Amino acid sequence: DLVSTTWTRFKERMEAEKLPFPDDPAFLEDLFQVWVASQFAADYCVRNPSSLLDLKNSGRLSTLDRSDSYRDELLRFGFDSEEELMRGLRDFRNREMIRIAWRDIMGLAALNQTLVDLSLLAEACLESALDHLYAAACARFGTPTRKNGGAQGLVVLGMGKLGARELNFSSDIDLIFAFEEEGLLPGKKEKSHGEFFTELCKSLIRVIDTVTAEGFVFRVDLRLRPFGDSGPLVMSFSAMENYYQRQAREWERYALIKARPVAGDLAAGSRLETMLKPFVYRRYLDYGSFAELRNLKSKITLELQRKDRMENIKLGPGGIREIEFIGQAFQLVRGGHDRSLQERRIQKALKVIGSKSLLPEPVVEKLLRAYEFLRKVENRLQELADRQVHDLPLLEFDRQRIAYALGFEDWNQAKRKIDRVRAEVHQVFEQVFVSPQSDGGEGDAEIVWMRTANTEQLTQALQRIGYRQSAEALEIVDGFRRALAIRKLSAAGASTLDRLMPLLLAAVGRTAAPEDVLKKILRLVESIASRKAYLSLLVENPLALSQLVKLAAASSWIVGFIGRHPILLDELLDPRTLYAPLSRQALINEIDLRLAGISSDDLERQMAELREFKQARGLRVAAADIAGVIPVSIVSDCLTDIAEVVLEKVLNLAWRLVAEKHGTPPGADRENISGFAIIGYGKLGGRELGYGSDLDLVFLHAEAGAEEQTNGGRPISCLQFYVRVGQRVVNLLDTKMLSGVLYEVDMRLRPSGRAGFLVSQIEAFEQYQLKQAWTWEHQALVRARFVAGDVLLGKRFHDVRAKVLARKRNRSGLKKEVREMRDKMRENLATLEPGLFDLKQGIGGIADIEFIVQFGVLLNAYKNRNLLKFSDTVHLLDILSESGFLRLEDAEFLKRAYFEFRNLGHRAALQERPAVIPENKLIDFRARVEQTWLRLTE
């Protein structure tokens, strides 16, 4: 009946306009399908049959994507008046909407093509209208200019789905208007730029939004602008920046995720985007966003319930908005830290979230399928009558039309699919946004924190949740409450802390020594209290809180480390990765990925990223160490791998920075390091780094003629170039930033120590080692190796090292020098407190084992070249045993003692204690090490 009635009306209009009837059965069949699915299309065809025939005959209905030609066609119209502009835009819009609806309904365009097509149509109409109106306003009032004299135009920011080019069929377009600089127009009346652009915006809204006999172009919604409906229609950039820095509400960050300049002065719009980005994407991990979005969604749900509109596929449970909230929560939390998440399009954002395992890939795939289906349903609802509707229809006739348009046999079948998809989405939404649940004990803990009882009742409550010294625990809590940082908290910060503290008090109460852990962890909370985002992270992630408590119970060093670098709290979220230090290749991949998204000009960001990488990876190693997942040898290997990967990146950065300024030495280029090498000594060279170890480094450079210079605009000698690279490396490593230093650097092992050149030429280094170096410098060379830079130069260093170490030495003379150096070190460096044993310098400690190895290498390397292959103590002990310098049982014992001492040293570092043990501990170990040392050197 519907098609029959419409066909009759259509034929009558065709006859009245003397138009030829289309003689194409396939076209007519498609036409009838479109009419069933869209009353808007049916009515348009009846009113404008000539436009329909033009769309058919041109082929634009079935094959042509016109998204790139909208602007060009509108430009050709050449509107002479505002009335003509309004009429022309509406005619153009309606015809194109029929084309888009036809292609969508008949399955000739993918969903994304339809959404982009609709968005580009809106942009073209805005641009065409603005071009006409801006020219007319300038002719009338004069042209607004910047301080530099250049003309400035209006910036039209598209928000929401327009900004993301995800516009639905009958959507409003959410806009914000801005202009770059305030000022006065020329003329007697001295009209301000603000007044000029306000008039222009009013005209633009009138042209686009007003409903005439031809309909409207797009409905315009300006409620997302600063101050909402009560705010000015347009603002200068400076006024807008001030608003977002000082007065904007949290939900406005969410609104700006999709913001994009869509019309007007696009170059200025890009500058505005850059200005606003720090408001949207915080540099830290902002877990407070979960609570904000949860509250916003609750308000939407309450409003829908009040209006009995829960069958709303956009705002209702499991609707489109929940999918967007899921994606945008991760964007707001992590987008400032990971630029790949700074994505307007929700589908692409979800794919990034899946690729980074922030959500499981199957969950992301489920959300993407749901999004596509629900957006398809949304378009079918709106194509029915060109109305912005999201509620499922109540009338049976409309239901059947929607089911038909979606390809279902009847409404029941369509509704079952819609309900199933929404249920799946809402389940994921609940899992992401559900308020954290506790493990028990928070009732008593809340009484303690909120002090809703007398002192005796408070101590009893603390006892019930595990505190044995409850009076002491209460005093600790009260002291924390009185701390300046806590008293100065904002209302929002205090509210978040009130949510956190019961969870924390209960979790700490379950540890073996709760009072001690409470002291440590409250110091951490006090240090991060002013950063509400970090408190929110712990509130929103009970697993992170439990991991923090577990690590705090085992290591005060970790608590202090996190307190200095609270961004590491994010590392606590997933114990699968927290307790699994990365392989060397994985470290390289991660650091490459972190640095890839940073501009090569942004040195400060690169330095901060390197520090965060080093700190996060170090925390993983410490966590795995505490959990007993990895042995002490692997701890040092992991920490050494981290240092080497960082050194390689730092050297690359230093080389590029110096090369950009001065060019490079002959034969080198800016991207590939040539003629410069970093040599690691000490713990780095021996692959035995510990927590907080500094780096003993020596810099070498290749031969270069005295007169040779770099090839840049500001040339310097090659020697100066290498020195500046070395200075840059040291500066990048030990510059103190908010995120700390990368590593403390010790350069005293270079030739001639502090008096020597920062960077040594390789031949001069060789001559120094052969002719001037002390025996202790050759001992240091035993633990030296190439760690970064020019591999060929590194090979030359190892050749020099081998040449020096393989010299035949007089046993008695060597024995005397090594023994004297050991006694001197012990005298100057050992902890001499009564009752304590210094693990490093004490008699029978780590240094004695290292000296045994160094003595053995210097004495035997000339006849056993295998001793030149390694720089670490453990491998060298094995080879010294094989060569007969050590008995097998002595070598095996020294390895066990070495691991035991180092393990105790790591544990002391994690507890922020000196590397000492009671003198009555490990007596047998120490005695045997001493006996071996004396037997070999006396």
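Above this text you will find the structure in question.
Source: prediction; values computed, not measured. (Residues numbered from 1 in each chain as written. Predicted model: local features only at pLDDT ≥ 70, side-chain atom pairs only at ≥ 80, totals over all residues. Heavy atoms only, no water.)

**Quick notes on the overall build of the protein chain**
From N to C terminus, the protein chain includes 41 helices and 12 strands. Across its three principal axes, the protein chain shows a C-alpha extent of roughly 120 × 80 × 65 Å. A buried classification covers 57% of the 938 residues belonging to the protein chain. Pairs at least 24 apart in sequence give 73% of the contacts found in the protein chain among residues at least 6 apart. As displayed, the protein chain has an accessible area near 40300 Å², and 50% of this comes from carbon and sulfur atoms. For the protein chain, the distance from the average site of its 134 positive side-chain charges to the average site of its 131 negative ones is 3 Å. (Helix = DSSP H or I, 4+ residues; strand = E, 2+ residues; numbered from the N terminus. Buried < 20%, exposed > 50% of the residue type's maximum accessible area, 1.4 Å probe, protein only. Contact = heavy atoms within 4.5 Å. Areas by Shrake-Rupley, 256 points an atom, 1.4 Å probe, with all protein chains shown as cover. Lys, Arg positive; Asp, Glu negative; His and termini not counted. Charge placed at Lys NZ, Arg CZ, Asp CG, Glu CD.)

**What to know about the pairing of strand 2 (residues 173-179)**
The buried fraction of strand 2 is high, at 7 of 7 residues. Burial of the side chains of strand 2 extends over both faces: Ile173, Leu175, Phe177 and Phe179 are buried on one face and Asp174, Ile176 and Ala178 on the other. Note: strand 2 against strand 3 (residues 220-221), 2 bridges, orientation parallel. Paired with Ile173 across the bridge in strand 3 is Val220. (Pairing = 2+ DSSP bridges.)

**Focus: helix 26 (residues 542-554)**
At 3.6 residues per turn, the α-helix brings residues three or four places apart onto the same side. Here helix 26 is 13 residues long and its end C-alpha atoms lie 19 Å apart, about the 18 Å a rise of 1.5 Å per residue gives. All buried positions along helix 26 are accounted for by Ala544, Leu545, Gln547, Leu548, Val549, Leu551 and Ala552. (Expected span 1.5 Å × (residues − 1).)

**Focus: the packing of helix 2 (residues 25-37) against helix 17 (residues 396-406)**
Interaxial distance between helix 2 and helix 17 falls to 8 Å at its minimum, and their mutual angle equals 135 degrees. By the angle class used here, helix 2 and helix 17 are oblique. Together, Gln33, Trp35, Val36 and Ala37 of helix 2 and Arg401, Tyr404 and Ala405 of helix 17 make up the contact between the two elements. Counted by class, the contact of helix 2 with helix 17 contains 5 nonpolar, 1 polar and 1 charged residues. (Axes fitted to C-alpha atoms, helices over the stretch in contact; angles between N-to-C directions. Parallel < 35°, antiparallel > 145°, perpendicular 65-115°, else oblique. Nonpolar A, V, L, I, M, F, W, Y, C, P; charged D, E, K, R; others polar.)

**Considering the state of the cysteines**
Applying the stated criterion across every chain, the model contains 0 disulfides. You can see Cys201 has no disulfide; the closest cysteine sulfur is in Cys138, sitting 13 Å from it. (Disulfide = S-S within 2.5 Å.)

**So, the pattern of salt bridges**
Side chains carrying opposite charge are able to pair once their charged atoms draw close together. Across all of its chains, the model carries 65 salt bridges by this definition. For Glu324, the salt bridge identified is with Arg321, shortest N-O distance 3.2 Å. Remark: Arg321 and Glu324 occur in helix 14 (residues 320-334); sequence separation between them is 3 residues, near one turn of the helix. This pair shows no difference in class: Glu324 is buried, exactly as Arg321 is. (Salt bridge = Lys/Arg side-chain N within 4 Å of Asp/Glu carboxyl O.)

**Topic: the packing of aromatic side chains**
Applying the stated criterion across every chain yields a total of 29 aromatic pairs. Between Trp655 and Phe721, the aromatic rings sit 4.9 Å apart at their centres with planes inclined by 85 degrees, giving edge-to-face as the arrangement. In this pair, Trp655 sits in helix 31 (residues 632-662) while Phe721 sits in helix 33 (residues 718-734), placing the two residues 66 residues apart along the sequence. Under the relative-accessibility criterion, Trp655 is labelled buried at 0%. On the basis of relative accessibility, which here comes to 0%, the residue Phe721 falls in the buried class. Ring centres 6.2 Å apart and planes at 50 degrees place the aromatic pair Phe837 and Phe901 in the tilted group. In this pair, Phe837 is assigned in strand 11 (residues 836-838) and Phe901 in helix 40 (residues 888-910), connecting sequence segments 64 residues apart. (Phe/Tyr/Trp six-rings, centres within 6.5 Å; stacked < 30°, edge-to-face > 60°.)

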